[in-house]
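# Report on the structure
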Amino acid sequence: MTSSATVRRGLLLLPALAIILLLIGLPLGLMGWVSLLQKGGSSGVDWSAPPSIGNYLRLVWEEDFDGTMILNPTYLVIFLRSVAQAAVTTFLCLCLGLPVALWMAGLSKTGRNVMLLLITIPFWTNLLVRNYAWLIILREDGWTARAVNAVWPFGPVQLLYNDVAVAIGLTYSFLPFMILPLYSVFEKFDWRLIEAAHDLGATRRRALKRVVLPLVMPGIVAGSLLVFIPCLGAFVTPALLGGGKTAMLGNVIQAQFGSARNWPFGAAVSVVLLAIMLVVMTAMALWRNRRAAA
Amino acid sequence: MHDDPAVSIEHVSKAFGRGATAVHVLHDVSVTIGRREFFTLLGPSGCGKTTLLRLIAGFETADSGLIRIDGADVTDAPPFRRPVNTVFQNYALFPHMTVEQNVGFALEEQGLPRDQIRRRAGEALEMVRMQSFAQRRPAELSGGQQQRVALARALAPRPKVLLLDEPLSALDLKLRKEMQIELKQLQSEAGITFIFVTHDQEEALTLSDRVAVMQSGRILQMGPPRSIYEAPTHRFVADFIGDINLIEGEALASGGIRLPGGATLPGPAAAPGRVTLAVRPERAKIVPAGSGVIDATLVHSAFLGTAMLHKLTLPDGASFLIREADLSAPMPERGGTVGLSLPVEALQVLQA
Amino acid sequence: MNLRRFPATREVSIAVLAFLYIPVVVLTAYSFNANRTATVWTHASFDWYARILTNPSIQAATWNSIVLATAASIAATGIALMAALATRRAFPGRSTTESVLNLPLILPEIVVAVATLLLFVSLGISLGLGAMILAHTAFCIPFAYLPIRARLDGLSGSYEEAAQDLYANRFRTFRRVTMPLLWPGVMAGFTLAFVTSLDDFLTSFFLSGPGTTTLPVYIFSAIRAGITPEINAISTVMLLISILLVSLSFFLGRLRR
């Protein structure tokens, strides 16, 4: 009885696990290996090259004409910009998402469902198309640019193809990822605790800080993670709204697997991206465990 | 009755989980349930009564022991091969089917022709007076109506045994009383064995031919409601069913039992040593001080409508309740000393 | 005093809704603009919609997108349904299994996309529709799995016990009780998987071989070539399809149990 149930469970799980492990796990493993090889040949990878960490070194240093290694800031800058953009976007999403989630939780059941649908829809609609809409709004000869330039005293400004445009696009793309987890925490929140805080002499602001914030912290952490990680690997937004000078890690990876055709180097950049993600997620998990233990 | 039982359970044990974390829910339980019997498993939540019912239905498998239904060994048979049907606590009516489809479900599984399914589903619904609701969905029915449909659905395939898992617990008090009477009538009309699980002692005493009181995976006492009520054998049984007074005494080697305060009763018989005696509040009487077996202090009296309830304190500090049905009996004074008369045949010696 | 109302949350919420929906409205409005230069509004017209209907590249890309999304979401839903049934009850290793199933949700898509490209090329699997269907099936699994699991978790096990008690064997119980009750969850999962596949750009971008462009890949390369009213029109159509399908799955998910 028990063993036949185990066999049945195994058979039911087999296709899902096989597909995910073969089409996601295996490729990631292969990429780790390729990141140690050299570019070459028609397929983009020289499979016979001896494994080395040269691709990782190239992220920071380059070989000068006379063979000495000198610091090459190109990728370091891109790396820092990616982290900064992801951090700024996470912060902006938090600032916009917190009030929205708070407000939603206080609505009637119908109101909440309508809002939930309105927040969910952008989450599922085409990322490319939504970023393209910002391209129309911000472009050089558009109404927005003309309106801004009419009041801007310091000469003509370009709204598109800069870090600000990318930050707007990223915030726009990932805002629902912040609102939804925050809302799910607020929805379950026991509002009588605020009454209790008021009763014990806390003002509205103090109640928010001392009672609400600590209790909704898990939602804030979850939402931040959901925004930060995809931002770090963003490709579409910087490709459409950023110019050549605002590339992020995703654009480097795409370029190496596309026009530059240096797959091992692209693989190394991908591994770095995964490593940052892993560090952030481990930090969160540790925080959660410490919190659970406390 | 015992030669040809409807259900017999022999030395059944069941544990959930394994190793150190295993929870033993049934310990070596044996019961024999006769044909057309209304048999009730009574006990607090967690006593194993529902697990025992689920073992009979086939939703759980016994770790050891044997279960026979109608003489056939069904210990390892799946639920769909057992001639029993269940009325679930939450009814478990299929929400995507009409009342008629629900009631006809088992008949369709048994491969009956369509016209016969319709006729028998109609008959079953008629039995519970729900025929006019045949085309409704369960969600459109009240709790009591759902309860009736659940009964009809379980009775439609004419099972040998009907299992009822706290079927009345979701109903309000008034409806519950009505359904109790209806259940009893249905059982005698259908002429099949009912195995009923409940934690409500009053319900168990009202409905059953026999009651098994369970605690911590064991059956403590089994018998007709009257003997369970009047002659509980365990402290737990006495405590669980109705109001009871417990008196700590000492059985003497010379026979007789010494009560707190020093008086000695001639019976009932017990092995020498400390004993607990149980007596129902309505079986004791207040008599003038000094003329009973013990003197006690009257703490409080309350009028219950049909009786007076007196609360007394015994010499060892234990409290004692008396229900006096004779309202014309003289009213003792509060705080005063009264005598307590205990007929020996009303005293019951309890096991721990 | 209503404790649930915090000052300014309403105003911020309205601003956020505007922020989320104004670009969509602007895009839609421009798609009806008759003027070719797209900056000057002349008058409303359906010209660009008529034009995308007759554009052979768009037709081919649309067809590829539909075939891809249909194949990948059907496969993913079937696989996810099996996985959801298997992970319904607790067993040792369930949470690990769930993490593996949800892996595609956490990993950055661009990394998975180039890694898959690397695998296919090194194994000699030719790029194109087949490669895209395989990769899409993998990342659609969690999107189909989550709604089905949610529905299963809300489903009391006593319905199935009741069916077995009423003489239905395992298979009959699944067909007559489990599946009909699970159906809204399966449909919601299928819809979400379909939308996810239909909207996907990155994976298709790397795995589409020559001649098998999907609609998002076509739109991307068209944007790179310059903003045209046709892109506005086709983008609007894509948005509408997504909104329609997501609303549908939302209502399916909320269907009475």
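Residues numbered from 1 in each chain as written. Chains lettered and ligands numbered in written order. Predicted model: local features only at pLDDT ≥ 70, side-chain atom pairs only at ≥ 80, totals over all residues. Heavy atoms only, no water.

## Quick look at the interface of chain A and chain C
Our working definition: We call two residues in contact whenever any of their non-hydrogen atoms come within 4.5 Å of each other. Once two parts are brought into contact, the accessible area they lose, counted with a 1.4 Å probe and summed over both, makes up the buried area. For salt bridges, the criterion is a side-chain nitrogen of Lys or Arg within 4 Å of an Asp or Glu carboxyl oxygen. Between N or O atoms, a polar contact is any pair within 3.5 Å; within protein, one atom must be a potential hydrogen donor and the other a potential acceptor, and residues adjacent in sequence are included only when both atoms are from side chains. Note that Gly is not counted as nonpolar here; it falls among the polar residues with everything else outside the nonpolar set of Ala, Val, Leu, Ile, Met, Phe, Trp, Tyr, Cys and Pro and the charged set of Asp, Glu, Lys and Arg.
The interface is formed by 81 residues belonging to chain A together with 83 residues belonging to chain C. Between chain A and chain C lies a buried interface of about 7800 Å² when both sides are counted; carbon and sulfur atoms form 81% of it. When the area that chain A buries against chain C is broken down by residue, the three leading residues are A:W124, A:Y132 and A:R204, summing to 10%. Applying the counting criterion to the chain A and chain C interface returns 0 salt bridges. For the interface between chain A and chain C, the tally reads 4 residue pairs in polar contact (both at pLDDT 80 or more). Grouping the constituent residues of the side of chain A that touches chain C by class yields 62 nonpolar, 11 polar and 8 charged.

## Quick look at the domain arrangement of chain B
Stated precisely, the cut-off is as follows: How far each domain reaches was decided by an automatic or database domain assignment.
The domains assigned to chain B are domain 1 (7–230) and domain 2 (243–350). Each of domain 1 of chain B and domain 2 of chain B has a C-alpha centre, and these two points are 41 Å apart.

## With respect to the sheet that holds strand β20 (residues 348–350) of chain B
Residues and elements named next belong to chain B. To keep things clear, this is the line we draw: Strands qualify as paired when DSSP identifies two bridges or more between them. Under the DSSP-based scheme used, a helix requires at least four consecutive residues in state H or I and a strand at least two consecutive residues in state E, with every element numbered from the N terminus.
A sheet is described by the order of its strands in space; here 5 strands give the open sequence β13-β12-β11-β14-β20, paired in antiparallel fashion. A single partner strand is all that each edge strand has here, and the edge strands are β13 (264–265) and β20. Bridge analysis of strand β14 (residues 273–279) against β20 gives 3 bridges, and the strand direction is antiparallel. Considered in β20, the bridge of A278 is made with Q348.

## Things to note about the packing of helix α9 (residues 204–232) of chain A against helix α12 (residues 263–293) of chain A
Residues and elements named next belong to chain A. What counts, and what does not: Here an axis means a line fitted to C-alpha atoms, over the contact stretch when the element is a helix, while the angle between two N-to-C directions is reported on a 0 to 180 degree scale. In what follows, roughly perpendicular refers to angles from 65 to 115 degrees, roughly parallel to angles under 35, roughly antiparallel to angles over 145, and oblique to any angle outside these ranges.
It is at 10 Å that the axes of α9 and α12 come closest, and there the two elements cross at 175°. Looking at the two axes, α9 sits roughly antiparallel to α12. Within the contact between the two elements, α9 uses P214, M217, P218, V221, L225, F228, I229 and L232 and α12 uses L273, I276, M277, V280, M281, M284, W287, R288 and R291. Residue composition of the contact of α9 with α12, by class: 15 nonpolar, no polar and 2 charged.

## Considerations on the packing of aromatic side chains
Applicable threshold: Aromatic pairs are defined between Phe, Tyr and Trp rings, using the six-membered ring for Trp, whenever the two ring centres lie within 6.5 Å; interplanar angles under 30 degrees are classed as stacked, those over 60 as edge-to-face, and all others as tilted. Summary of the burial criterion: residues with accessible area below 20% of their type's maximum are buried, those above 50% are exposed, and those between are partly exposed, where the area comes from a 1.4 Å probe applied to protein chains only.
One pass over the structure, following the stated rule, counts 24 aromatic pairs over all chains. Seen from their ring centres, C:F205 and C:F206 are 5.3 Å apart, and the 75° between their planes marks the pair as edge-to-face. We classify C:F205 as partly exposed; its relative accessible area is 24%. When its relative accessible area of 7% is taken as the criterion, C:F206 is described as buried. One aromatic cluster is present, formed by A:F123, A:W124, A:F174, A:F177 and C:F143 through successive ring pairs.

## Regarding unusual backbone geometry
All names here are of chain B. Of note in the backbone geometry, D28 takes a positive phi value of approximately 45° without being a glycine. Positionally, D28 belongs in strand β2 (residues 23–33). Residue classification places D28 among the partly exposed residues on the basis of a relative accessible area of 47%. Of note in the backbone geometry, Y91 takes a positive phi value of approximately 70° without being a glycine. Positionally, Y91 belongs in the loop between β6 (84–87) and α2 (99–109).

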